[in-house]
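# Notes for the structure review
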Amino acid sequence: MNELKPDILSTLPLELLLYIIGFVPFESARLIPFVSTRYRSVWNQALLVAHSHNGSIEDIFHAVSNFIDNFDEHDPSKNTRKLELHVDKSTFVSTILAPNNVMHMSFFFPDGSKKEESFCWRLEINDQIPRPVDDSSGFVVKTLCLDSVNSLTHEVVSSMVLDFSLLENLKIGGCKGLTSLTIDSPTKLLHLSISGCPKLRYLEIRAVKLKTLHYQGFLPLMKIHEHFNLTNAIFDVRQGPSLNNNALDTGPLLLIIKNSQSLTLCRWMFEELMKPSISSSWRSFQFYKLQELRWIDNSMNQENIKILISFLKLCPSIERLFVTVDLNTYSSKEVYVDAEYGSEHARVLTNLKLVKLEGSKNEDDSNDQLILALQQMVNINQPLLVLSSFSRD
């Protein structure tokens, strides 16, 4: 029992180990790096196909397209899931084909050249003539995660995305030079996420099937083509507006979030952009289906609490309220707050069950005042769970 049994696998040549790993399902094979340091190295080599050459940016399109088209999960010679390209000695591209039809594509620029140049980007998805789903050859991309696309590479990416006819989920992040973005998906795109694009000033969306929209950054000028109903909308725009707010048409924006079940919103966005439209033109406007609200503000002082309460009066079905206080959040101009705003169409919040407060706390902030105001909006015998994780700043 005390004798050490030889580790037969560890004695095998690298080429044979890589061949064996090729037959292991990816969900199991991805645990190989946790076995030992050596197996971590083996896994990296099993996952990697490296091409080091001094080709052009256009070579990215052909290399990645061939990589996707030739992928076969059941063929050990074709089930490599990672491709790395070194282009023009200044651009490094990493492409990973993950389970569940997820593709990650990241761009790196070691010398930092031209990566901050501004560019406008149009992504069109030719989803009206989808490829056959029973085609066993090739990798079908349904979720695409794009990171750090720049002025040199965006056209190549657009050419590739054009052929992703079954694309349902698109995530764009870290595009430092992106100033204008147009998304055009007539029938298929369901989920869109945009973050880490500090120069973005204009966002145009044509995606009638879109159900979730996650946006993080400065709020750009938005143009919505054809009405669509979001079920989950995140506008984490605590950095503030990118342009003059007067240029933003809030009507289409209100319509696409009206039927959302989950909504993330900054106080300034409601106060400066939405409330004036609702109070002047749409007095009967309600978020009838909203069940979860994540509210972002720079403070929970008396005036800001009144703004939150005025919004909650528009949400008769709300069940969960999460309040995040970030002291660095953009604060709107001082606006006179009518404490009775929305009272004529306010409804008792009969479904509110959970309130969670988190973030940093100012000296002027009053948790008790907020809780008291909420208690006045629920039924007397209605249980309300309040959780607080505020830290004193």
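Throughout what follows, the structure given in this document is the object of discussion. Computed from a predicted structure; not experimentally measured.

## Considerations on unusual backbone geometry
At Asn100, a residue that is not glycine, the phi angle is positive and equals roughly 65°. Counting through the fold element by element, Asn100 comes out in the loop between β3 (91-98) and β4 (102-108). Taking the relative accessible area as the measure of exposure, Asn100 reaches 67% and is therefore exposed. Here the phi dihedral of Ser148 falls at roughly 65°; this positive angle occurs in a residue that is not glycine. Summarising the element assignment, Ser148 is placed in the loop between β6 (143-147) and α6 (154-161).

## Observations regarding the pattern of salt bridges
Pairing between side chains of opposite charge can happen when their charged atoms approach one another. Per the stated rule, a full pass over the model turns up 12 salt bridges. Ionic pairing is found between Arg238 and Asp236, a salt bridge with its closest N-O pair at 2.8 Å. Linking Lys306 and Glu303 is a salt bridge whose minimum nitrogen-to-oxygen distance equals 3.9 Å. Taken together, the positions of Lys306 and Glu303, both in helix α9 (residues 302-312) and three residues apart, correspond to about one turn of that helix. Look at Glu303 and you get partly exposed, because its relative accessible area is 38%. Put simply, Arg122, Glu124, Asp184 and Arg206 are held in one network by salt bridges that share partners.

## Digging into the pairing of strand β7 (residues 169-173)
Among the five residues in β7, four count as buried, and that is most of the element. Here β6 runs beside β7; their pairing, made up of five bridges, is parallel. Across the sheet, residue Leu144 finds its bridge partner in β7, namely Leu170. In this view, the connection linking β6 to its parallel neighbour β7 by way of α6 has right-handed handedness. With five bridges joining them, β7 and strand β9 (residues 191-195) adopt parallel strand pairing. Bridge pairing links Lys171 to Ser193 in β9.

Conventions and cut-offs
Residue positions are counted from 1 within each chain, in the order its sequence is given. Totals for whole chains, interfaces and linings use all residues, but because this is a predicted model, local features are given only for residues with pLDDT of at least 70 and pairs of side-chain atoms are given and counted only at 80 or more. Side-chain measures here rest on the full set of heavy atoms in the structure, leaving out hydrogens and waters. Per the convention used, a helix needs a DSSP run of H or I reaching at least four residues, while a strand needs a run of E reaching at least two, with both numbered from the N terminus. Relative accessibility decides the category of a residue: with a 1.4 Å probe and only protein chains considered, values under 20% of the type maximum give buried, values over 50% give exposed, and everything between is partly exposed. We define a salt bridge as a contact between a side-chain nitrogen of Lys or Arg and a carboxyl oxygen of Asp or Glu at a distance within 4 Å. Strand pairing is assigned whenever DSSP detects at least two bridges linking the two strands. Here a crossover is taken to be right-handed if, once the strands point away from the viewer, the path from the first strand over the helix to the second is traced clockwise.

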